[in-house]
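If you want the building blocks of each chain, they are given just below.
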Amino acid sequence: VVEVEFPAGGHVGVDNHRMEATAQQVWVLDGTLDLTLGQETTRLEAGDCLAMRLDRPIAFHNPGAAPCRYAVILHHGGCPLLPHLRDFMGHPNVVGYVLDAGEDLGAARRVLGAGPLLLGNLGGPDLAELRPAEIRVLCDQALAQCGPDQQFVLATCCADIPLDTPPECIEVLTDAVCRAGRTTA
């Protein structure tokens, strides 16, 4: 997860043809952003989020008179991240790392130290195939690995939760967080 403050009138482009296994979400926090993927341009306003595969050239343009602030969430295509965490440390504006299902969250925290957010490690596409009791066990295991770490967010490692996932399977996630005392709601 990277937070970007893009200057008014700014423009930058990237050729992504070698990153086709990587997915990205761009979430505009303040301002306006024109995002061109291949030949298609989409205007994003504060609160808008756009998900895409990085299989075509991408360009960012701030058409506004004020800076645009947005978050970029990269998904590494289902490959384990833990062995590569040290490679990503020290990059500017990185606020968190999302680990794949089953990766050792405690080991990741030892590598990263106390600062950045650590997110994961449930497999979103798997939720539709599991029973609520199985999901509860996975949630409890992830939360136990992180203990009182307030910089941990229980999350799916993939943005792709199937539309046919039974609601009770998703509700188990909220229940696990509440049972662990990680919310004031």
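Residues numbered from 1 in each chain as written. Predicted model: local features only at pLDDT ≥ 70, side-chain atom pairs only at ≥ 80, totals over all residues. Heavy atoms only, no water.

Here we take up the overall build of the chain. Helices and strands together make up the secondary structure of the chain, namely 4 helices and 11 strands. Taking all 185 residues of the chain together, 35% fall into the buried category. Total accessible area on the chain is roughly 10,200 Å²; 56% of this is exposed by carbon and sulfur atoms. (Helix = DSSP H or I, 4+ residues; strand = E, 2+ residues; numbered from the N terminus. Buried < 20%, exposed > 50% of the residue type's maximum accessible area, 1.4 Å probe, protein only. Areas by Shrake-Rupley, 256 points an atom, 1.4 Å probe, with all protein chains shown as cover.)

Here 3 strands make up an open sheet; going across it, the order is 9-10-11 and the pairing parallel. What marks the edges here is a single partner per strand, and that holds for strand 9 (96–98) and strand 11 (152–156). Shown here is a sheet whose adjacent strand axes are inclined to one another by a mean of 20°, direction ignored. Alignment of strand 10 (residues 117–122) against strand 11, held across 5 bridges, turns out to be parallel. Directly across from Leu119, in strand 11, lies its bridge partner Val153. (Pairing = 2+ DSSP bridges. Axes fitted to C-alpha atoms, helices over the stretch in contact; angles between N-to-C directions.)

Another point: the pattern of salt bridges. Scanning the entire structure with this criterion turns up 8 salt bridges. The salt bridge involving Asp34 is made with Arg43; its shortest N-O contact spans 2.7 Å. Across the pair Asp175 and Arg179 runs a salt bridge whose closest N-O atoms are separated by 3.0 Å. In this pair, Asp175 and Arg179 both sit in helix 4 (residues 167–179), 4 residues apart, roughly one turn of the helix. Accessibility expressed as a relative area gives 43% for Arg179, which makes it partly exposed. Through salt bridges with shared partners, a single network forms among Arg136, Asp140, Asp175 and Arg179. (Salt bridge = Lys/Arg side-chain N within 4 Å of Asp/Glu carboxyl O.)

Counting across every chain of the model gives 2 aromatic pairs. Judged by centre distance (6.2 Å) and plane angle (85°), the rings of Phe6 and Tyr70 are edge-to-face. Linking Phe6 in strand 1 (residues 2–6) with Tyr70 in strand 8 (residues 68–75), this pair joins segments that are 64 residues apart in sequence. Among the residues examined, Phe6 registers a relative accessible area of 9% and is labelled buried. Relative accessible area serves as the criterion here: at 4%, Tyr70 is assigned to the buried category. Measuring from centroid to centroid gives 5.7 Å for Phe60 and Tyr70, while their planes differ by 10°, and the two rings are stacked. Here Phe60 is found in strand 7 (residues 58–61), whereas its partner Tyr70 is found in strand 8, with 10 residues between them in sequence. You'll find Phe60 and Tyr70 in the same group, each marked buried. One aromatic cluster in this structure is built from Phe6, Phe60 and Tyr70. (Phe/Tyr/Trp six-rings, centres within 6.5 Å; stacked < 30°, edge-to-face > 60°.)

Spatially, 4 strands are ordered 2-7-4-5 in an open sheet, and the strand pairing comes out antiparallel. Both outer strands of the open sheet, strand 2 (11–14) and strand 5 (40–45), are each paired with one neighbouring strand and no more. Each strand axis lies, on average, 15° off the axis of its neighbour in the sheet, ignoring direction. Inspection of the sheet shows strand 2 paired to strand 7 by 4 bridges, in the antiparallel sense. In the strand pairing of strand 7, Val14 is matched with Ile58.

Moving on, we get to the confidence of the model for the chain. Counting all residues, the mean pLDDT for the chain is 85, and 89% of those residues have values of 70 or more. Here helix 1 (residues 85–88) is the element of the chain with the lowest mean pLDDT, 78, and strand 5 is the one with the highest, 96. (pLDDT = per-residue confidence, 0-100.)

Let us look at the environment of Pro7. Tracing the sequence through the fold places Pro7 in the loop between strand 1 and strand 2. Given a relative accessible area of 47%, Pro7 falls into the partly exposed group. When the C-alpha positions of Pro7 and Asn62 are compared, they lie 7.0 Å apart, and in sequence the two are 55 residues distant. Not counting chain neighbours up to four residues away, the residues in contact with Pro7 comprise Asn62 and Pro67. (Contact = heavy atoms within 4.5 Å.)

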